[in-house]
Amino acid sequence: MKKYIDFQTFHFHWADYLVFSAMIFLSTGTGLFFAFYKKEKAIELGQQDIDSGEKRRKNDFDTSNMNEYLLGSRKLKIFPVSMSLVGSYVSGVTILGTVSEIYYFGTQYWMIVISIVFMAIAVSKIYLPVFSVLRVNSSYEYLEMRFSPAIRSLASIMFVMDEMFFLPIILYVPSIAFNQVTGINVHIISTVICIICVIYTILGGIKAVVHTDAWQILVMFVSVMVVVTIGCFKAGSIGDVFQTASDGGRLIFADVNPSMYQRQTLWGVLIGGFFYWTSFNAVNQTMVQRYMSLPSLRKAQWSIFIFTIGIIAFISVCCFAGLLVYEFYTKCDPMSAGLITVANDYLQHDDQLLPVFVMQTVGHYYGVPGLFIAGVFGAALSSLSVVLNSTALVMLEDIVKGSLRLKLTERSSTILVKGCILILGVIAVALVFVLEQLSGILSVATSVTAIAAGTTCGLFTLGMLVPWSNNTGALVGALAGACISGWISFGSQIAFANGYVTPHKLEISVEDCPGNVTMPDNVYIDESDVFPLHRLSFHWINPIGVLTTVLVGTIVSFISGPTVIKKLDAELISPVLHRYLPKECFPPSGITNEMTRENTATHLLTDGRGKAGSETGESSDNSGKY
């Protein structure tokens, strides 16, 4: 019982504030460094390339300044980009949300790592080659090339709305963690985080974002590993941790229950996880922008490979941390015992489990809690900066230039991009007040982002894998996908908020809690009267959105008159289908295309296109063009 009593005495020491402040200053300093010295050098080199006659794709940004600011002149390095890709997904949502998910629902979610492996294969072989050969600035440019400006506008607006909803989640999670160990108001913390991030994102552009992400991910990984290592030492051994989890019914890896209503099953995690991760990593602008900042397809594929290894390692560490938290609180659930402070007078937040665990187990090691919170903040800053930068690019390229067809000067473009970043920061801080009324960060984040992610991934999949799809099919399919996923997602959230649906948590104990604590009654109401789609596990929202978009789009395309495949440009179709396309889809030998680059094209379709060329009687030189 004693280990649960004195945790309130462990709050930030001056050493913790020192470690935390160092991380903040390094973030800002990196932005300033790339805003001035590195930026001037890069622009000078870019201008030299132009002066020396290097060809630029006609869809590139009009000036070297904007090219450098938003894409790093397409000359970034593999490792920092890979780390930035990890940082774009691993936010406080992942760190804190995954721990509470394992604590309350068991280890079935850990099997998401299998889905991530299949996601990496799909992204690198199906989607990325198309973006690479077209060398898009924004991923949504593809939708205009394949379908129409209207489809591009629809997808880009959905992306902007999606990121606006996700921004406050990124801010809120580290804020409640910092609040737990310092007592500082959540809204003050979130405002400070946002101001810092907006400053270095505005000043440094994509290079500041990528390079700052790289070391922030390092701090984040080291901080969690330190906590996990000390936690293992206190628990006795790794074997003891798994034994306690087994005794408590937390070790679940093969729950093959076919029910789509159960929160975590093997099928839900594998299928839902694959669709969700593919939707995010294949076509989302926050990811595609980093892929396109690399000079070739091969390097972009290597970045996905490194990203996959990094994300699997980090998620595994977070899942194990969830078992550590369970081992420590196996006899005293901190939520039931009131050991976790509340953000308001009505709600408790299970996402504070890990911060409380850190303070109780390593709070007396001065500097360690500061390192952990610095890691959580680093995760938030990296995700926030990526979203701000990518959303600003979409506003410029897809909405202002693409939808509104406005031609801007370099000065106007710069003001627009930086103004968008500033406005998005203000919106994010304001929406934190709304998010504070929600609980269960992981499922909320997945549900909200599934609407736009599922629909846009469905559109890209329809365009790249269904050659006969047309503009009408894409539009109707997108509307159908957005409606069905939105109906399920928001309906589920409303049902949960009204108490019609409750998560079925695994058993907990309070027998060793200090004071007079009684076991809470796990009374689950009859959910049979709730509309079936509103009872679905959050894992199924994204697959339903993707498949609805593709199926409806395919059917409507057939009804309204399918696209004549012979008139399609093969570059708009995924290379996995090239061998099945008629030879008319490929331009004759000797015709050059300014949108391709030799180093990208040579690697793109060595096998698939080469076979197509041999089957259709084309020369190997013609297939090599791609």
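Rules of the game
- Every chain is numbered on its own, with residues counted from 1 as its sequence reads.
- Confidence filtering applies because this is a predicted model: local features only for residues at pLDDT of at least 70, side-chain atom pairs given and counted only at 80 or more, and all residues used for totals across whole chains, interfaces and linings.
- The side-chain numbers reported here are obtained from all heavy atoms of the structure, hydrogens and water having been left aside.
- Pairing of aromatic rings covers Phe, Tyr and the six-membered ring of Trp, with a centre-to-centre limit of 6.5 Å; geometry is then stacked below 30 degrees between planes, edge-to-face above 60, and tilted otherwise.
- Counting from the N terminus, the helices are DSSP H or I runs at least four residues long and the strands are E runs at least two residues long.
- Relative accessibility thresholds used throughout: buried, under 20% of the residue-type maximum; exposed, over 50%; partly exposed, between the two (1.4 Å probe, protein chains only).
- Residue-level confidence of the predictor, termed pLDDT, takes values from 0 up to 100.
- Contacts are assigned to residue pairs that have any heavy atoms within 4.5 Å of one another.
- A helix is expected to span 1.5 Å for every residue after the first.
- Arc definition: it is the arc formed by the directions from the helix axis to the C-beta atoms.
- Fitted lines through C-alpha atoms give the axes, limited to the stretch in contact for helices. The angle between two N-to-C directions lies from 0 to 180 degrees.
- Working rule for angles: under 35 degrees goes down as roughly parallel, over 145 as roughly antiparallel, 65 to 115 as roughly perpendicular, anything else as oblique.
- Crossing chirality is assigned from the near helix's rotation relative to the far helix, an anticlockwise turn below a right angle marking it left-handed and a clockwise turn marking it right-handed.
- Residues are grouped as follows: Ala, Val, Leu, Ile, Met, Phe, Trp, Tyr, Cys and Pro are nonpolar; Asp, Glu, Lys and Arg are charged; all remaining types, including Gly, are polar.
- A 3.5 Å cut-off defines polar contacts: any pair of N or O atoms within that distance qualifies, except that in protein one atom must be a possible hydrogen donor and the other a possible acceptor, and neighbouring residues in sequence count only when both atoms are side-chain atoms.
- Note on terminology: a nonpolar core comprises buried Ala, Val, Leu, Ile, Met, Phe, Trp, Tyr and Cys residues joined through side-chain atoms within 4.5 Å.
- By salt bridge we mean one thing: a side-chain nitrogen of Lys or Arg within 4 Å of a carboxyl oxygen of Asp or Glu.

**A few points about the packing of aromatic side chains**
Applying the stated criterion to the full structure yields 19 aromatic pairs. Note on Phe 20 and Phe 377: the rings are 4.7 Å apart at their centroids and 90 degrees apart in plane angle, and the pair reads as edge-to-face. Note that Phe 20 is positioned in helix H1 (residues 14-35) and Phe 377 in helix H16 (residues 368-403), a separation of 357 residues in sequence. Like Phe 20, the residue Phe 377 is buried in the burial classification. Consider the rings of Phe 178 and Phe 377, whose centres lie 5.5 Å apart with planes at 65 degrees: the pair is edge-to-face. With a gap of 199 residues between them, Phe 178 in helix H8 (residues 149-182) and Phe 377 in helix H16 connect regions that are remote in the sequence. In this structure, Phe 178 and Phe 377 share a single accessibility class: buried.

**Here we look at the confidence of the model for the protein chain**
For the protein chain, the average pLDDT comes to 80, and 80% of its residues sit at 70 or higher. Below pLDDT 50 for its whole length, residues 343-348 participates in 13 contacts with residues either more than four positions away or in separate chains. Contacts of residues 590-626 to residues separated by more than four positions or lying in other chains number 65 contacts, the stretch itself having pLDDT below 50.

**A word on helix H13 (residues 297-328)**
Its 32 residues place the ends of H13 46 Å apart at the C-alpha level, agreeing with the 46 Å of an ideal helix rising 1.5 Å per residue. Across the 32 residues of H13, 24 count as buried, placing the element largely inside the fold.

**Here we look at helix H10 (residues 238-247)**
Of the residues making up H10, those classed as buried are Val 241, Thr 244 and Ala 245. The buried residues of H10 occupy one face: seen down the axis, they fall within an arc of 100 degrees. Structurally, H10 contributes buried residues whose contacts are with helix H9 (186-235) and H13. Positive phi shows up at Gly 249, right after H10, with a value of about 75 degrees.

**A closer look at the packing of H8 against helix H19 (residues 471-497)**
As a packed pair, H8 and H19 sit with axes 10 Å apart at the nearest point and diverge in direction by 20 degrees. On the basis of their axis angle, the class for H8 and H19 is roughly parallel. Helix-helix and strand crossings are classified by hand; for H8 and H19 the assignment is left-handed. Note on element contacts: H19 touches H8 through Asn 471, Ala 474, Leu 475, Ala 478 and Ala 482, opposite Ile 151, Leu 154 and Met 158. For the contact of H8 with H19, the class distribution of residues is seven nonpolar, one polar and no charged.

**Quick look at the side chain of Ser 175**
For Ser 175, the position within the fold is in helix H8. A distance of 2.7 Å separates a polar side-chain atom of Ser 175 from the backbone oxygen of Leu 171. Looking at Ser 175, its side chain comes within polar contact range of the main-chain nitrogen of Ser 190, at 3.4 Å. Other than its neighbours up to four places away in sequence, Ser 175 contacts Val 186, Ile 189, Ser 190 and Ile 193.

**Quick notes on unusual backbone geometry**
Of note, the phi angle at Arg 135 is positive, near 50 degrees, even though the residue is not glycine. The phi dihedral of Arg 405 is positive, around 55 degrees, even though this residue is not glycine. With respect to the helices and strands, Arg 405 occurs in the loop between H16 and helix H17 (410-435). For Arg 405, a relative accessible area of 47% corresponds to the partly exposed category.

**Focus on the nonpolar core**
By size, the foremost hydrophobic cluster in this structure holds 154 residues, and its most contacted members are Ile 95, Phe 131, Trp 277 and Tyr 291. A total of 21 residues in this core trace back to one element, the largest contributor, which is H9. Residues within four places of Trp 277 in sequence aside, it is in contact with Tyr 89, Ile 112, Ile 116, Met 119, Phe 307, Ile 311 and Ile 315.

**Re the pattern of salt bridges**
Taken as a whole, this structure holds six salt bridges when the rule is applied. One salt bridge connects Arg 152 with Glu 144, and the closest N-O pair in it is separated by 2.6 Å. Where Asp 398 meets Arg 152, a salt bridge forms, and the shortest distance between an N and an O atom there is 2.7 Å. Note that Asp 398 is positioned in helix H16 and Arg 152 in helix H8, a separation of 246 residues in sequence. Take Asp 398: its relative accessible area is 0%, and that puts it in the buried class. We classify Arg 152 as buried; its relative accessible area is 8%. When salt bridges with common partners are traced through the structure, they connect Glu 144, Arg 152, Asp 398 and Arg 405 into a single cluster.

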